[in-house]
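Descriptive analysis of the structure
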Amino acid sequence: MPLMTGPYRPGTPCWIDLMVPDQQAALDFYAGLFGWTGEIGPPETGGYSVCEYKGQPVAGIMKAMNPDGSVP
């Protein structure tokens, strides 16, 4: 995965947010696939995880929730 140091060309993805039923499984999956690091965030942020690659933030992952608080 290249490190972007200049302006993005139009249409280039620059941030990914992912909502999943099993947040830890997603963190583990992307750690193995891309080498991302991240851990489940604090309750005051809804557990939002900022994943990093080589010390740079690349994506956010959080647990998907239904409006009633249940997991889809």
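Here goes a summary of the coordinates provided.

What counts, and at which threshold
- Residues numbered from 1 in each chain as written.
- Predicted model: local features only at pLDDT ≥ 70, side-chain atom pairs only at ≥ 80, totals over all residues.
- Heavy atoms only, no water.
- Pairing = 2+ DSSP bridges.
- Helix = DSSP H or I, 4+ residues; strand = E, 2+ residues; numbered from the N terminus.
- Axes fitted to C-alpha atoms, helices over the stretch in contact; angles between N-to-C directions.
- Buried < 20%, exposed > 50% of the residue type's maximum accessible area, 1.4 Å probe, protein only.
- Phe/Tyr/Trp six-rings, centres within 6.5 Å; stacked < 30°, edge-to-face > 60°.
- Core = buried A, V, L, I, M, F, W, Y, C linked by side-chain atoms within 4.5 Å.

This part is about the sheet that holds strand S3 (residues 56-63). Across the sheet, 3 strands lie side by side as S1-S3-S2; this open sheet has mixed pairing. Edge positions in the sheet fall to strand S1 (16-20) and strand S2 (49-53), since each of these pairs with one other strand and no more. Across the sheet, the mean angle from the axis of one strand to that of its neighbour is 30 degrees, orientation sign disregarded.

Turning next to unusual backbone geometry. Backbone geometry places Lys54, a non-glycine residue, at a positive phi of 50 degrees. Tracing the backbone shows Lys54 in the loop between S2 and S3. Here Lys54 falls in the exposed class, since its relative accessible area comes to 70%.

So, about the packing of aromatic side chains. The final tally for this structure, using the stated rule, is 4 aromatic pairs. Summarising the aromatic geometry, the rings of Phe29 and Tyr30 are spaced 4.9 Å apart at their centres and angled 85 degrees between planes, so their arrangement reads as edge-to-face. Ring centres of Phe34 and Trp36 lie 5.1 Å apart, and the angle between their planes is 35 degrees; on these two criteria the pair is classed as tilted. On the basis of relative accessibility, which here comes to 36%, the residue Phe34 falls in the partly exposed class. In textbook terms, an aromatic cluster arises when at least three aromatic residues are bridged by ring pairs, as seen for Phe29, Tyr30, Phe34 and Trp36.

Next up on the list: the nonpolar core. Counting residues in hydrophobic clusters, the biggest one holds 9 residues: Val20, Ala26, Leu27, Trp36, Cys51, Tyr53, Val58, Ala59 and Ile61. Among the secondary structure elements, those contributing two or more residues to this core are helix H1 (23-34), S2 and S3. No other element matches the 3 residues that S3 contributes to this core.

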